[in-house]
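Working through the structure, step by step
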Amino acid sequence: MSALPTSWVDIKLSEVAQVTSGVGFPNEYQGHTSGDLPFFKVSDISHAVLANRGELKTANHYVTYEIAEKLKGKPLVPGSTVFAKIGEAVRLNRRATVVTPCLIDNNVMAVKAMEGVSDRYVHQFLRTVDFGESARSTTVPSLRKGDVEELRFPLAPAAEQKRIADKLDTVLTRVDAVNTRLARVAPLLKRFRQSVLAAATSGRLTEDWYEQNLDKSRAKFALGDLVVSIDQGWSPKCEANAAPPDKWSVMKTTAIQALHFYPEENKELPYDLNPRPHLALADGDVLITRAGPRSRAGITCIVRGDQPMLMLCDKAYRVRVDRSKIHPQMLNLLLNSPEVLDEIDGMKTGISESGVNLTQAKFRELALSVPHIAEQTEIVRRVETLFAFADRLEARLAQAQTAATRLTPALLAKAFRGELV
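Here we look at the sheet that holds strand β23 (residues 349-352)
Strand order in this open sheet of three strands is β19-β24-β23, and the pairing throughout is antiparallel. Two strands in the sheet have a free side with no partner beyond their single neighbour: β19 (291-292) and β23. Note: β23 against strand β24 (residues 355-357), two bridges, orientation antiparallel. The residue bridging Ser352 from the neighbouring strand is Gly355, located in β24.

Some details on the pattern of salt bridges
A full pass over the atoms with the stated rule returns 22 salt bridges. Between Lys112 and Asp119 there is a salt bridge whose closest N-O contact spans 2.9 Å. Each member of the salt-bridge network shares a partner with another, and the members are Arg120, Lys162, Asp166 and Asp169.

What to know about helix α12 (residues 373-415)
Between its first and last C-alpha, α12 extends 63 Å over 43 residues, near the 63 Å set by a 1.5 Å rise per residue. Where α12 bends most, at Leu407, the angle is about 30°, and the proline Pro409 comes one to four residues later.

Re the packing of aromatic side chains
As enumerated under the stated definition, the model contains eight aromatic pairs in all. Measuring from centroid to centroid gives 5.0 Å for Tyr121 and Phe416, while their planes differ by 55°, and the two rings are tilted. Highlighted residues: Tyr121 in helix α4 (residues 119-126) and Phe416 in the segment after α12, separated in sequence by 295 residues. In this structure, Tyr121 and Phe416 share a single accessibility class: buried. Taking 5.9 Å as the distance between ring centres and 10° as the angle between the ring planes, the aromatic pair formed by Tyr317 and Phe363 counts as stacked. Placement of the pair is Tyr317 in strand β22 (residues 316-321) and Phe363 in helix α11 (residues 360-364), with a sequence separation of 46 residues. Looking at Phe363, the relative accessible area reads 0%, which means it is buried. Taken together, the ring pairs in this structure connect Tyr121, Phe125, Phe153 and Phe416 into an aromatic cluster. The ring centre of Phe83 lies 5.6 Å from the NZ or CZ of Arg95, which sits over that ring.

A look at the sheet that holds strand β4 (residues 55-56)
Pairing within the open sheet is mixed, and its five strands lie in the order β2-β9-β6-β7-β4. The strands lining the two open edges of the sheet, one partner per strand, are β2 (17-21) and β4. Strand direction decides the pairing type here: β2 and strand β9 (residues 108-113), joined by five bridges, are antiparallel. Following the sheet pairing, Ser21 is matched in β9 by Met109. Together, β6 (81-84), β7 (96-98) and β9 form the strand contacts of α4, whose direction differs from that of β9 by roughly 135°.

Regarding the packing of helix α9 (residues 328-335) against α12
Here α9 crosses α12 at 70°, and the two axes come no closer than 9 Å. One way to sum up the angle between α9 and α12 is to call them roughly perpendicular. Facing Gln329, Met330 and Leu333 of α9, the residues of α12 in contact are Gln376, Ile379, Val380, Val383 and Glu384. Taken together, the residues of the contact of α9 with α12 break down into five nonpolar, two polar and one charged.

So, the nonpolar core
The biggest cluster of nonpolar side chains holds 35 residues, and the ones touching the most others in it are Leu13, Val111, Leu126, Phe131, Val148, Phe153 and Leu168. Among the secondary structure elements, those contributing two or more residues to this core are β2, β9, α4, β10 (152-155), α7 (158-183) and α12. Here this core gets five residues from one element, more than from any other, and that element is α7. Those residues in contact with Leu13 that lie beyond four places of it in its chain are Val111, Val122, Leu126, Val148, Glu149, Leu151 and Phe153. Listed in part, the 34 residues of the second largest apolar core include Leu226, Leu259, Ile344 and Met347.

As for helix α10 (residues 338-347)
One full turn of an α-helix is made of 3.6 residues, so residues set three or four places apart face in the same direction. Buried within α10 are the following residues: Val340, Ile344 and Met347. Considered in projection along α10, the buried side chains sweep an arc of 55° and stay on one side of the axis. Turned more than 90 degrees off the buried face of α10, the exposed positions are Glu339, Asp342 and Gly346. Buried positions along α10 lie against β18 (286-289), α9, β23, β24, α11 and β25 (367-371).

How each quantity is defined
Residues numbered from 1 in each chain as written. Predicted model: local features only at pLDDT ≥ 70, side-chain atom pairs only at ≥ 80, totals over all residues. Heavy atoms only, no water. Pairing = 2+ DSSP bridges. Helix = DSSP H or I, 4+ residues; strand = E, 2+ residues; numbered from the N terminus. Salt bridge = Lys/Arg side-chain N within 4 Å of Asp/Glu carboxyl O. Expected span 1.5 Å × (residues − 1). Bend = angle between axes of the 7 residues up to and from the residue. Phe/Tyr/Trp six-rings, centres within 6.5 Å; stacked < 30°, edge-to-face > 60°. Buried < 20%, exposed > 50% of the residue type's maximum accessible area, 1.4 Å probe, protein only. Lys NZ or Arg CZ within 6 Å of the ring centre and 35° of its normal. Contact = heavy atoms within 4.5 Å. Axes fitted to C-alpha atoms, helices over the stretch in contact; angles between N-to-C directions. Parallel < 35°, antiparallel > 145°, perpendicular 65-115°, else oblique. Nonpolar A, V, L, I, M, F, W, Y, C, P; charged D, E, K, R; others polar. Core = buried A, V, L, I, M, F, W, Y, C linked by side-chain atoms within 4.5 Å. Arc of directions from axis to C-beta.

Right, here's the structure in full:
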């Protein structure tokens, strides 16, 4: 621990707080929704942190004092900090505060400050500790009582403990508010893109364009009449690792997401297999997943830039359009519109949600309402301008979220160096 203010003391946590573990909770006593004492599990801690600002108030299980005595469980005192002590939940580093007498199960540990030490100060200190790193290196991560008791604890004078806890309550509440507001932006951007897509495919996006251009016609085409080719890919046995740029690879189906293609999602072709250059991807190829879980079949995107050493996989179609009839991006937009997605969903064969197929014969019959090629060009231009704007906002949002994520640990670290107040 770095140098502390002169009035502070660097001691073991066990000197100022009591560490206890929970008790076993047999199935026969579980499931009661009322009783004298709430009985908290790891899931209750997670819920408290995610939905109740870390305060443990209600539980899924309750016991009577009589049952608590049978279980040899000593009720925790309000103000105790509780957290998971075993399993993957340890790595989540979630801390909750008990606000009522309760019991905890044997997957949970509690820390209660001794007299003269602030529970809130201890709680905030425990938030600075990464128990994922402290956990025993076993198949199942676990904490021992001694691991927690041996933690070095920066003990500030009592008055300063209160000031630090009060200040952290104030500033971290503001940080939480910032994170909440930032979390609302991503859904707004998603709705914005959906609105742009709906306007583009319905003709609303280019209504003003009609004033200077008389051709407002839209014609119905079967998809098969708009394409030069529809090809199915190849799925050789490949290692899971992605290929370097100078090696042949096969795309994964996860490379295809709605509207966007992610070429880095690929598997390197083994050296003993010959590539199939005719399956390489090129700029303007429209890709659609043809098989897999129902939610994943029928997803469409467009390839940006030639990918001369990346091959189409077996569970996807590559559509190359007749550009005198339809712009590749226009087809990408149409195949992502809600109405067309519903049509595609109805074409899928297979009764299992985990395995359906979109046959090429049915896919070719898909009816599309296609504007004049001049209007398509204008639609694509406007959509790409608006999507680029949304992409820039999304990049700024990611930067802001990264900065906000760093605020809480930075403030906590500052507090326990004696630099916050």
